[in-house]
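Coordinate inspection notes
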Amino acid sequence: MAFDEKEFLACCGSSKFAKEMALASPFSSLHAAVTTARDIWFNKVDVNGWLEAFDAHPQIGKSAPSNHKSETSAQWSKGEQSTALATATNSSLQELSDWNAQYRQKFGFVFLICASGRSTSEILAELKKRYPNRPIVEFEIAANEQMKITELRLAKLFDTKAEASSAYNEHPIPKRAEDRVSIIGAHLTATSEAQTMGRTRPPITTHVLDVSEGRPAAGMDVKLDMWVGKQSRPSFDENDIGGWVLQGFSTTDKDGRSGQLMGIVDAVNPGIYRISFNTGKYCPGGFFPYVSLVFEIRETQKLEHFHVPLLFSPFSFTTYRGS
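Residues numbered from 1 in each chain as written. Predicted model: local features only at pLDDT ≥ 70, side-chain atom pairs only at ≥ 80, totals over all residues. Heavy atoms only, no water.

1. Notes on the nonpolar core
Of all hydrophobic cores here, the largest spans 45 residues; its most connected members are Phe8, Phe17, Met21, Trp41, Phe54, Ile123 and Leu154. Residue contacts for Phe8: discarding those within four places in its chain leaves Phe3, Phe17, Ala18, Met21, Ala22, Ser25, Phe27, Leu154 and Leu157. Grouped together as the second largest cluster of nonpolar side chains are 23 residues, Val222, Met226, Leu261 and Val291 included. (Core = buried A, V, L, I, M, F, W, Y, C linked by side-chain atoms within 4.5 Å. Buried < 20%, exposed > 50% of the residue type's maximum accessible area, 1.4 Å probe, protein only. Contact = heavy atoms within 4.5 Å.)

2. Describing the pairing of strand β4 (residues 221-227)
Judged by how many residues are buried, β4 sits mostly within the fold: six of seven residues are covered. Relative to strand β6 (residues 271-277), β4 is paired through five bridges, and the arrangement is antiparallel. For Leu224, the partnering residue across the bridge sits in β6 and is Ile275. (Helix = DSSP H or I, 4+ residues; strand = E, 2+ residues; numbered from the N terminus. Pairing = 2+ DSSP bridges.)

3. Remarks on the confidence of the model for the protein
Residues with a pLDDT of 70 or more make up 82% of the protein, whose mean pLDDT is 81. Here helix α11 (residues 194-197) is the element of the protein with the lowest mean pLDDT, 38, and helix α2 (residues 15-24) is the one with the highest, 95. This stretch, residues 166-197, has a pLDDT under 50; its non-local contacts, to residues over four places away or in other chains, come to 54 contacts. (pLDDT = per-residue confidence, 0-100.)

4. Remarks on the packing of aromatic side chains
Inspection of the entire model under this criterion finds 19 aromatic pairs. For the pair Phe54 and Phe139, a centre-to-centre distance of 5.7 Å together with 75° between the ring planes defines the contact as edge-to-face. Here Phe139 lies in helix α9 (residues 135-169) and Phe54 lies in helix α4 (residues 47-55), a separation of 85 residues in the sequence. Judged by centre distance (6.1 Å) and plane angle (20°), the ring pair of Tyr273 and Phe295 falls under stacked. Highlighted residues: Tyr273 in strand β6 and Phe295 in strand β7 (residues 291-297), separated in sequence by 22 residues. The class of Tyr273 is buried, set by a relative accessible area of 1%. Note on Phe295: relative accessible area 16%, which makes it buried. Following the ring pairs from residue to residue traces out a cluster consisting of Trp41, Phe42, Trp50, Phe54, Trp99, Tyr103, Phe107, Phe109, Phe111, Tyr131 and Phe139. Stacked on the ring of Tyr131, the Lys or Arg Lys106 has its end atom at 4.7 Å from the ring centre. (Phe/Tyr/Trp six-rings, centres within 6.5 Å; stacked < 30°, edge-to-face > 60°. Lys NZ or Arg CZ within 6 Å of the ring centre and 35° of its normal.)

Following this line, the structure appears as structure tokens:
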């Protein structure tokens, strides 16, 4: 698909990035566009270009100014912050604003995070966690967060172009994917039935979204393990072979959702769990041979539901705790 400079500027606020992407257009697929985008962002855009892109983002919790250079970017920013705003209170917004001001004063640019699907409390916790970083470390983290946002928006751009082409030709083309924000939002707003009427699903679930293709990742192997080693918890520095016991194995369906990884029980056993995704088999040419996420369920959480989705591309992945 072919795109112009203005469209790429909505994906990333760097003028250099937008020009280079426009020169490289058209792209045969979203995957090709993402590959080119990463090369341009990390190898051709300089420090000033990175700062220009950072400056194009409104502060988390606030709307973009009316004179924003890209109306599309402003609209996307609003959508990407929708979960944060929906979960905010007056006090949390004020605390977020105060911390944002401290962050900008220290680092000289806006706190940047891929906010899609993240609550205000999650964003605030990450801001506080990153605040002690040295400026050079934080600058690199912000650049990587910008790339995550760019990948998300490139997927939206491809979807929009496909829909426009379909309407023009009057021959409907299947939409390549649900909007990533809508998918995340659906999980965040899903009603948990575990506390009120008994479980209707296993207490630990997952599903995988292929960000590079803008669609659910079907056919990816997933397994769930529980820690039962001699030590109370696995150690980062020591060999943990033999400490994990398989709870369940499944393969994602056409919607990217795994089958049951454990039984449907009212109370899940407290402990440390590991959910692993066979990303190497799913995408042999990607960077990750597999991805494992380790998390702890405490005694006070045994009646809760834990949804651990994976937002995956051959070059990066993101996860969050869903409802």
